[in-house]
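Chain by chain, the residues:
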Amino acid sequence: MTGDRPVLVGLLLYLLVAAAPTILFWVAARLVPAVVEWMAELRRRRTAAPVGPSLERVVANLRRLRREVRDRTQNTQVRRVAVLAAYDDTLLQACGLVDVDAPLASAAGPDRAFARLLTEAALEDAGIALDPPPDGAAAA
């Protein structure tokens, strides 16, 4: 039976059989931790905390900005415009958190004041009190 195969082919087969377990072990040692880390990352992404401020923080900011908008003691026009813009942005953020349609998002120019009122009413209907009762008073 000797001589039916060239010596080089026999040598290559021997090297393949001898090196295969070592190569497979090395690949598994490199690949398995990477796969485990990838699956852990997928799990972390699914259970990750929501990005952005909580609803309570947004409502607190909304109430604070609402008091500033109604106060009308801002010294400059720039300050008034900035406070109103911040209030509008916070209104839209609150609407997004409670999944309420915000007419303010598509309003422009002189229609913004009316759209702001509609958006405030929508938030009130969703259960967010923009003007909560003062501390110590009974809620109606």
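Everything here concerns the structure above.
All figures in this text were calculated on a predicted structure; none of them were measured in a lab. (Residues numbered from 1 in each chain as written. Predicted model: local features only at pLDDT ≥ 70, side-chain atom pairs only at ≥ 80, totals over all residues. Heavy atoms only, no water.)

Q: How would you sum up helix H4 (residues 112-125)? Please name residues and give values.
A: In a regular helix each residue adds 1.5 Å, so 14 residues correspond to 20 Å; H4 covers 20 Å between its end C-alpha atoms and thus fits that length. Where H4 is concerned, the buried positions are Ala115, Arg116, Thr119, Glu120, Ala122 and Leu123. All buried residues of H4 lie within an arc of 160 degrees about the axis, which places them on one face of the element. Exposed and oriented more than 90 degrees from the buried face of H4 are Phe114, Leu117 and Asp125. Elements that come into contact with the buried residues of H4 comprise helix H2 (55-71) and helix H3 (77-98). Positive backbone phi, at 105 degrees, marks Gly127, one or two positions downstream of H4. (Helix = DSSP H or I, 4+ residues; strand = E, 2+ residues; numbered from the N terminus. Expected span 1.5 Å × (residues − 1). Buried < 20%, exposed > 50% of the residue type's maximum accessible area, 1.4 Å probe, protein only. Arc of directions from axis to C-beta. Contact = heavy atoms within 4.5 Å.)

Q: Explain the pattern of salt bridges residue by residue, including any values.
A: Per the stated rule, a full pass over the model turns up 10 salt bridges. Notably, a salt bridge pairs Arg64 with Glu68, separated by 3.2 Å at the nearest N-O pair. Remark: Glu68 and Arg64 occur in helix H2; sequence separation between them is four residues, near one turn of the helix. One network of salt bridges, with partners in common, ties together Glu37, Glu41, Arg44 and Arg45. (Salt bridge = Lys/Arg side-chain N within 4 Å of Asp/Glu carboxyl O.)

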